[in-house]
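Listed below, chain by chain, are the residues.
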Amino acid sequence: MDTVFIGIWAGLTIPILLSLIFGLLEPIVTLDHTGISMLFIALLIAILDVYICIKLLNKFQLWLEKRKRY
């Protein structure tokens, strides 16, 4: 369940986040001709998104455990 949730979460949210962030940071991306800033921004966004996903998954699993006890 964990892998499926993370895969679906990342597949839905990473493209949305990348389009928003690259839209906001367009001047930085267009000034850099090597593309290193774009790679760094994309990697940072992906890592933060998966981190948030794991935190949400942990809270959801704790909520399910509490609910099953009662």
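Predicted, not measured: the structure shown is a model, and the values here were computed from it.

Here's the deal with the overall build of the protein
Phase 1: Helix and strand counts for the protein come out as 3 helices and 0 strands.
Phase 2: Of the regular secondary structure in the protein, the N- to C-terminal order runs α-α-α.
Phase 3: Relative to the globule expectation of 11 Å for 70 residues, the C-alpha radius of gyration of the protein, 16 Å, shows a markedly less compact shape.
Phase 4: By principal-axis analysis of the C-alpha atoms, the protein measures approximately 60 × 20 × 15 Å.
Phase 5: Out of the 70 residues belonging to the protein, those deemed buried represent 16%.
Phase 6: Surface accessibility of the protein: about 5800 Å² in total, with carbon and sulfur atoms responsible for 75%.

Regarding the packing of helix 1 (residues 2–24) against helix 3 (residues 36–69)
Phase 1: Relative orientation of the contacting elements helix 1 and helix 3 amounts to 140°, with a least axis distance of 9 Å. Here helix 3 runs oblique to helix 1, going by the angle between their axes. Once helix 1 is placed against helix 3, the crossing between them reads as right-handed. On helix 3, the residues that touch D2, F5, I6, W9, A10, T13, I14, L17, L18, I21 and F22 of helix 1 are M38, I41, A42, I45, A46, D49, I52, C53, I54, L56, L57 and Q61.
Phase 2: Counted by class, the contact of helix 1 with helix 3 contains 19 nonpolar, 2 polar and 2 charged residues.

Here's the deal with the environment of L48
Phase 1: Counting through the fold element by element, L48 comes out in helix 3.
Phase 2: On the basis of relative accessible area, L48 is assigned to the partly exposed category, the value being 47%.
Phase 3: Spatially, the C-alpha atom of L48 lies 20 Å from that of Q61, the residues being 13 residues apart in sequence.

Conventions adopted
Residues numbered from 1 in each chain as written. Predicted model: local features only at pLDDT ≥ 70, side-chain atom pairs only at ≥ 80, totals over all residues. Heavy atoms only, no water. Helix = DSSP H or I, 4+ residues; strand = E, 2+ residues; numbered from the N terminus. Rg over C-alpha atoms; globule rule 2.2 N^0.38 Å. Buried < 20%, exposed > 50% of the residue type's maximum accessible area, 1.4 Å probe, protein only. Areas by Shrake-Rupley, 256 points an atom, 1.4 Å probe, with all protein chains shown as cover. Axes fitted to C-alpha atoms, helices over the stretch in contact; angles between N-to-C directions. Parallel < 35°, antiparallel > 145°, perpendicular 65-115°, else oblique. Left-handed = near helix turned anticlockwise from the far one by under 90°. Contact = heavy atoms within 4.5 Å. Nonpolar A, V, L, I, M, F, W, Y, C, P; charged D, E, K, R; others polar.

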